[in-house]
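# Tertiary structure, described
Here is what each chain is made of, one letter per residue.
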Amino acid sequence: MRKSSETPSAERPARRGPGRPRRAERDGPSTRERILREATELFAARGREGTSLRDIAARVGIDVKSLHHHFPAKEALYDACFERVHAAEREALAPLVADLREAATMGGDPLATALRALADGFVDFLEEHPHTTFLWLRRWLDPTRGAGLDRAYALPLYGEVERALLEAAQAGTVRETTPHVTVRSLVWAAHGHVTALAAASPAERERERYEFRLWVRRFLDALYGPGRAEAPGSGAGDGTDVIIRRTLE
């Protein structure tokens, strides 16, 4: 009888059947990701001082020793939570920021459209990830402690928007002397909007969403809408507008 050249079925590795998920998909998020997810929620709800590693471990369903295997100290975990939300924010907003920089020197409708798209994208992101707002708000309760988090995970992205507005001002397509104030104002307003949503009833949330987005559009149109760069009596070109140079880290 001829010997079969095939490996006996008992010795062959099992094949993944049609539609059968891969092991990583079956097992769900890694322990590290579960730690970060639960820690982010707790830090957002209670702040750094009000959250212990034991609290986080209990939420994940592991012991503190296992948590230390991934994050040796609370400070490292706290930083990693900001890095995680920053990565998600940058992924969502980077293409919109790139579009803004491309439209900066064009002015007119292209710039207005890019600004509206970026503002809408930022608000969309915060509405979908409200823990981002509360994580940052609790960090900002202490203006000086944790300033390194701002430099690492907030200012670089916001600085790109500031540079785009400066480029537009230098090209004469908009009037903008303090882009850092404009960006900061919009960021804080958006976080305030998310805070209002968290406290609102379903009916109130719909009204808040509508009214806030309407305000953002009016705000941007008032500052940068077509024709704003050369509005009569605006002071454009008469020496009263001075662009303040800032070092963006």
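Along each chain, numbering runs from 1 in the same order as the chain's sequence is written. Given that the model is predicted, a residue must reach a pLDDT of at least 70 before its local features are reported, and side-chain atom pairs must reach 80 or more before they are shown or counted; all residues, however, enter totals for whole chains, interfaces and linings. Values reported for side chains reflect all heavy atoms of the structure, with hydrogen atoms and water molecules removed beforehand.

### Details of the packing of aromatic side chains
Just so we agree on the cut-off: In this analysis, rings of Phe, Tyr and Trp, with Trp reduced to its six-membered ring, are considered paired at centre separations within 6.5 Å, and the interplanar angle assigns stacked below 30 degrees, edge-to-face beyond 60, and tilted for intermediate values. Segments assigned H or I by DSSP are reported as helices when at least four residues long, segments assigned E as strands when at least two residues long, and all are numbered from the N terminus. The classification of residues rests on relative accessible area computed with a 1.4 Å probe and restricted to protein chains. Under 20% of the type maximum is buried, over 50% is exposed, and intermediate values are partly exposed.
With the rule as written, the count across this model stands at eight aromatic pairs. Aromatic pair F43 and Y78: ring centres 5.0 Å apart, planes at 80°, arrangement edge-to-face. On the criterion of sequence distance, the pair formed by F43 in helix α2 (residues 31-46) and Y78 in helix α5 (residues 74-103) is long-range, its members being 35 residues apart. A residue is classified by how much of its surface remains accessible, and F43, at 1% relative accessible area, is buried.

### Observations concerning the packing of α5 against helix α7 (residues 130-140)
The condition is simple: All axes here are fitted lines through C-alpha atoms, helices being fitted over the stretch that makes contact, and every angle between N-to-C directions spans 0 to 180 degrees. Working rule for angles: under 35 degrees goes down as roughly parallel, over 145 as roughly antiparallel, 65 to 115 as roughly perpendicular, anything else as oblique. Definitions for this section: a left-handed crossing has its near helix turned counterclockwise from the far helix by less than a right angle. A right-handed crossing has that turn clockwise. The contact definition used throughout considers only heavy atoms, calling two residues in contact when any of these lie within 4.5 Å. Asp, Glu, Lys and Arg are counted as charged, while Ala, Val, Leu, Ile, Met, Phe, Trp, Tyr, Cys and Pro are counted as nonpolar; the rest, among them Gly, fall into the polar class.
At a minimum axis separation of 11 Å, α5 and α7 run at an interaxial angle of 135°. The orientation of α5 with respect to α7, classified from their angle, is oblique. Crossing hand, α5 versus α7: left-handed. Judged by residue contacts, Y78, C81, F82 and V85 of α5 engage H131, T132, L135, W136 and R139 from α7. Here the contact of α5 with α7 is built from residues that sort into six nonpolar, two polar and one charged.

### Points about the side chain of R48
Definition in use: In protein, a polar contact requires one atom able to donate a hydrogen and another able to accept it; more generally it is a pair of N or O atoms within 3.5 Å, and residues adjacent in sequence count only if both atoms are side-chain atoms.
By secondary structure assignment, the location of R48 is in the loop between α2 and α3 (53-60). On the basis of relative accessible area, R48 is assigned to the buried category, the value being 11%. Here E75 takes part through its side chain, which lies 2.9 Å from a polar atom of the side chain of R48.

### Some remarks on the environment of A114
Residue placement: A114 occurs in helix α6 (residues 108-128). What makes A114 buried here is its relative accessible area of 10%. When the C-alpha positions of A114 and D99 are compared, they lie 6.2 Å apart, and in sequence the two are 15 residues distant. In contact with A114, not counting residues within four places along its chain, are D99, L100 and A103.

### Quick word on helix α10 (residues 179-199)
The condition is simple: To estimate how far a helix should extend, the number of its residues minus one is multiplied by 1.5 Å.
Between its terminal C-alpha atoms α10 stretches 31 Å, which fits the 30 Å expected from 21 residues at 1.5 Å a residue. For α10, the set of buried residues is P179, H180, T182, V183, L186, V187, A190, H191, H193, V194 and L197.

### As for the nonpolar core
As a reminder of what qualifies: We define the nonpolar core as a collection of buried residues of types Ala, Val, Leu, Ile, Met, Phe, Trp, Tyr and Cys that are connected through side-chain atoms lying within 4.5 Å of one another.
Counting residues in each nonpolar core, the largest one holds 56 residues, and the members touching the most others are F43, I56, L67, L77 and L100. In terms of residue count, α5 provides more of this core than any other element does, 10 residues in total. In this view, L67 contacts I35, L53, I56, A57, I62 and L77; residues no more than four positions away in its chain are not counted.

### Brief notes about the pattern of salt bridges
We apply this condition: A side-chain nitrogen of Lys or Arg and a carboxyl oxygen of Asp or Glu constitute a salt bridge if their distance falls within 4 Å.
One pass over the structure, following the stated rule, counts 16 salt bridges. Across the salt bridge formed by E38 and R59, the nearest N and O atoms sit 3.0 Å from each other. Residue E38 is located in helix α2, and its partner R59 is located in helix α3; the two are separated by 21 residues in the primary sequence. Looking at E38, the relative accessible area reads 17%, which means it is buried. In this structure, D120 and R213 form a salt bridge, with 3.6 Å as the shortest nitrogen-oxygen distance. Pair noted here: D120 is in helix α6 and R213 is in helix α11 (residues 202-224), with a separation of 93 residues, a long-range link. Residue R213 is classed as partly exposed on the basis of its relative accessible area of 23%. Taken together, the shared-partner salt bridges in this structure form one network comprising D120, D124, E127, E206, R209 and R213.

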